[in-house]
Amino acid sequence: MPTHVETLENGLKVILRPISDTRAVSTWVVYRIGSRNEVPGMTGSTHWVEHMLFKGGGKLGKGDIDKLISRLGGKMNAFTDTDYTMYFETIPASAMDTALMIESERMRNAAFDPKEVEAERTVVISEREGAENQPEFAVEEELWALAFQVHPYHWTPIGYKQDLAVLDREPLYRHYLRHYAPNNASLILVGGFDPAVAMQHVREAFSLLRPEAPPDPLRLAEPDQRGERRSDLVRPGPADLLSIGWHIPAAAHGDTPALILLSTVLGGWRGLLSFAAGDWHPRSNRLYHALVESKLATDAGVRQEMKLDPSLLIVSATLAKGASLDRVEQVIDREVDKLRRTVPVKAELDRAKQQVRSWARYEQDGVTFQGMLLSAGEGLSSWDFGERLLGKVEKVRGEQVREVAKTYLVDEHRSVVRFHAQGGAG
Amino acid sequence: MNLPDRTVLGNGAVLVSASLPSNPFVAFRGSIPAGVAAEGESHGVAEFTSRLLLSGTRHRTAAKLADRLEGIGATLEFHNGDEVLSFSGRSTRDTARETVRILVECLSEPTFPEREIERVRVELLNDLRIEADDTHLRAMRELERFVFPNDHPYGRDPKGGADRVRRIRRRDLVAFHEAHVNPEALILAVTGDVDRRLMEDAIAEPLSRLDTSSEGVPAIPPPRPHKPRRVSIPMPHKSQADIVVGGPAVPRRHDDYYALNLANLLFGRIGLYGRLGRNLRDEQGLAYYAFASLDAKTAGGMWSLAAGVNPANLSKATRSIREELDRLQTDPFHSDEVRDGKDNQVGSLIVSLERNAEVASELHRMEYYGLGMGFLEGYPEIVRGLEEDRVREVAMKYFTAEGSSMVVAGPVGRARLSL
């Protein structure tokens, strides 16, 4: 698809993807700041800053962002990840300037009114407490904490409650000023516009914003894991859960395409970001056959966490009542061992490639999804990250899938979290 | 979007389609009136049946169905609802014909293998346990039971409960399928990379092979009157309590529907959740989410609000909810609120129909509720024509504390709650 890329003098990278037959435009800004840029004691600060950027500043009073977008019938939101933070508005294309003005003000002029910072403390704690109600959250938090003992992937973007309870305005505001600058961001527009006209509007809204000194590169690297790590959580819950995470390289690494096919063969594919998949779950994969068809689990899947830094490939399962965690772990071990020993047959590899190919289309469903995909790509490396990856996946041979299984799915480099459900409410 | 095409096939199935060429694939959404309302006293069979339609046909096993669908990169899902069995899927233009043929095969020739029945039984029992441990789902399920009493199809758990799940046999599923899953009243909405030729060759042709052998479409009885209740469900191991409040609303074709839909938007949806969100989240920081919903169906409807709060803030939150409900009587929606709401509903037509999945759902809704193919064109006029006082009146009539039930699930005691 035709895509126009230009960088303003202040360092803001602008990516424009015009689509002729739509009347909507989706405007995204992605900042290269995530929970990986936090330090202990300030966990959750990036996410809290994201909340504060809906509360006005500069030309925008409190509640104005809300009102402006609502009147247009638009949708808007923001997401804080470990590696990046992104904001979007999807509105009628005729009102594109409204989104550009909001994002321009948000980039440098957020108010951080002390009263509003304080009011938001309980909101972010409430968001965390809502997540704590789900046993899966406890497993996820435990797994990352177990697998990463040096790198900030140790904590999740929501942060620890004890940090959220004591953080105050000044460090949050400094965090904002340091990282919200045009040279640490990309602006993405997808929808019904003329690129030349859109570029003119972008320049008017953003070219006067001052850049900041580039953020310091993250120097923390996770040392090699020296042996399997395990954690057993014994807590109230409705079903036993199992999660196993193996260290894998950063998303930009040359082994990522082969790992995508490994993930697909093992647990199916739901797209690069899986936002388009909704409730759909794949069934034509080894874990489904080994765990769900056999009634050991009611759900099983694989997540390849694609991140800026070395990350995890996670296998997880929700156990059927009466199934033992030991047995399910043995079955997963057996399936992983098969991947290490045997090259997938051609039909299986072809099917996996077809799934990846199809989901690359399904994730282009509308201007908002396209904007999200391009923004996440920018957050990881470049807007065309997904498209380039697809080209590389097509070229992967079966032997490479076995090689990455042997290299990365190593018992000594894995972390295992077992959730032993006690009682529950049923 | 151009006016959608509508075709009635010889077997009674209705096809609706609209082209959205910039989205490079085909998406569909359809339904058959074989949901909870069709199962009569055999509670749980509609849900059980829906989960088995990908579990094997006369021509293919479950594994072969999955291999073929995923081998061509297509998706196909079946879901049970209060009124209908719904199905949805995605494919490329080239594989649309085969995907629809598989859909037809799953609808018309399922074999309900015993092994898969037992797998689904395990899955349903796990889902019941998981839902019983989820504060929001548990509270909502209880609220629906109060608002639609006496085992009404809208009020009961579609899974039928653990005892029913254990007792359902293959013959129950076969009988339900034979009686209710057929093309009479089938609707299929298709969008994306489609044109008339694709609709005729790849969609209509395989769909027309479905045989009609119907017992007729069952009428859904109107719900019995709701008696407001206040209930707490202690779940001491949770961090957060979920509050839900709600009561009866109107069917989709009721005269009050559009005014009530706008009132619901203003009360708990627009922007950061309307008046409700402004109070609970924005001003007091009590909740990450606090929003209202309106669910209007064929024979009735329900409005509800939900908020997740720390248990220490429970009283403050329920008091604030009460204040906002009472405020609808003493300080009804202002003119600028109504104006903003109307602008939002008209503007959202462009934004909410940008994705294939959203367009297919909307086309399906238009046909299902008999709104007409020109509905989207006429919608702005309907909204603009709503009188402000009418919007205020319906809010006062339906959104009342006295007429509502309240359920709280989470780390709370059994103490009597007040709203």
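Counting restarts for each chain, with residues numbered from 1 along the sequence as it is written. Chains and ligands are labelled sequentially in the order written, the chains with letters from A and the ligands with numbers from 1. Local features are withheld for residues below a pLDDT of 70 in this predicted model, meaning they are given only at 70 or higher, and side-chain atom pairs are given and counted only at 80 or more; totals for whole chains, interfaces and linings count all residues. Remark: hydrogens and water are excluded; side-chain values derive from all non-hydrogen atoms of the structure.

Draft legend 1. Representation of the pattern of salt bridges within the structure. Salt bridges are counted wherever a side-chain nitrogen of Lys or Arg sits within 4 Å of a carboxyl oxygen of Asp or Glu. Applying the stated rule across the entire model yields 89 salt bridges over all chains. Arg106 of chain A is the salt-bridge partner of Glu89 of chain A, the closest N and O atoms lying 3.2 Å from each other. Taken together, the residues Glu89 of chain A in strand β5 (residues 85–92) and Arg106 of chain A in helix α3 (residues 96–108) connect sequence positions 17 residues apart. The two residues Glu89 of chain A and Arg106 of chain A agree in class, both being buried. The salt bridge involving Glu205 of chain B is made with Arg97 of chain B; its shortest N-O contact spans 2.8 Å. In this pair, Glu205 of chain B sits in helix α8 (residues 196–207) while Arg97 of chain B sits in helix α3 (residues 96–108), placing the two residues 108 residues apart along the sequence. A residue is classified by how much of its surface remains accessible, and Glu205 of chain B, at 28% relative accessible area, is partly exposed. Relative accessibility thresholds used throughout: buried, under 20% of the residue-type maximum; exposed, over 50%; partly exposed, between the two (1.4 Å probe, protein chains only). By relative accessible area, Arg97 of chain B is classed as partly exposed at 30%. Residues participating in the shared-partner salt-bridge network are Glu228, Arg230, Asp232, Asp326, Glu329, Asp333, Arg414 and Arg418 of chain A. Strands here mean DSSP runs of E at least two residues long; helices mean DSSP runs of H or I at least four residues long; both are numbered from the N terminus.

Draft legend 2. Just helix α14 (residues 375–384) of chain B, in detail. Residues and elements named next belong to chain B. Looking at α14, one finds that the buried residues are Phe375, Leu376, Tyr379 and Val383. All buried residues of α14 fall inside an arc of 75 degrees around its axis, so they share one side. Exposed and facing more than 90 degrees away from the buried side of α14 are Glu377 and Glu381. For α14, the secondary structure elements touched by its buried residues are α9 (257–268), α12 (335–351) and α13 (356–368). Directions are taken from the helix axis to each C-beta atom, and the arc is the one they span. Contacts are assigned to residue pairs with any non-hydrogen atoms lying within 4.5 Å of each other.

Draft legend 3. Seen up close, the packing of aromatic side chains. Residues and elements named next belong to chain A. Two rings from Phe, Tyr or Trp (for Trp, the six-membered ring) form a pair when their centres are within 6.5 Å of each other. A pair whose planes differ by under 30 degrees is stacked, one over 60 is edge-to-face, and the rest are tilted. Summed over all chains, the structure comprises 28 aromatic pairs over all chains. With a centroid separation of 4.5 Å and an interplanar angle of 15 degrees, the aromatic rings of Trp28 and Phe88 are classed as stacked. Of the two residues, Trp28 sits in strand β3 (residues 24–31) while Phe88 sits in strand β5, which places them 60 residues apart along the sequence. Note on Phe88: relative accessible area 8%, which makes it buried. Taken together, Tyr31, Phe54, Tyr87, Phe112, Tyr173, Tyr176 and Tyr180 form an aromatic cluster joined through their ring pairs. Here Arg169 stacks its cationic end above the ring of Tyr173, 4.4 Å away from the centre of that ring. Here, a charge over a ring means that NZ of Lys or CZ of Arg falls within 6 Å of the ring centre while also lying within 35 degrees of the ring normal. Between Lys307 and the ring centre of Tyr153, over which it is positioned, the NZ or CZ distance is 5.7 Å.

Function cannot be read off these values alone, since they describe shape.
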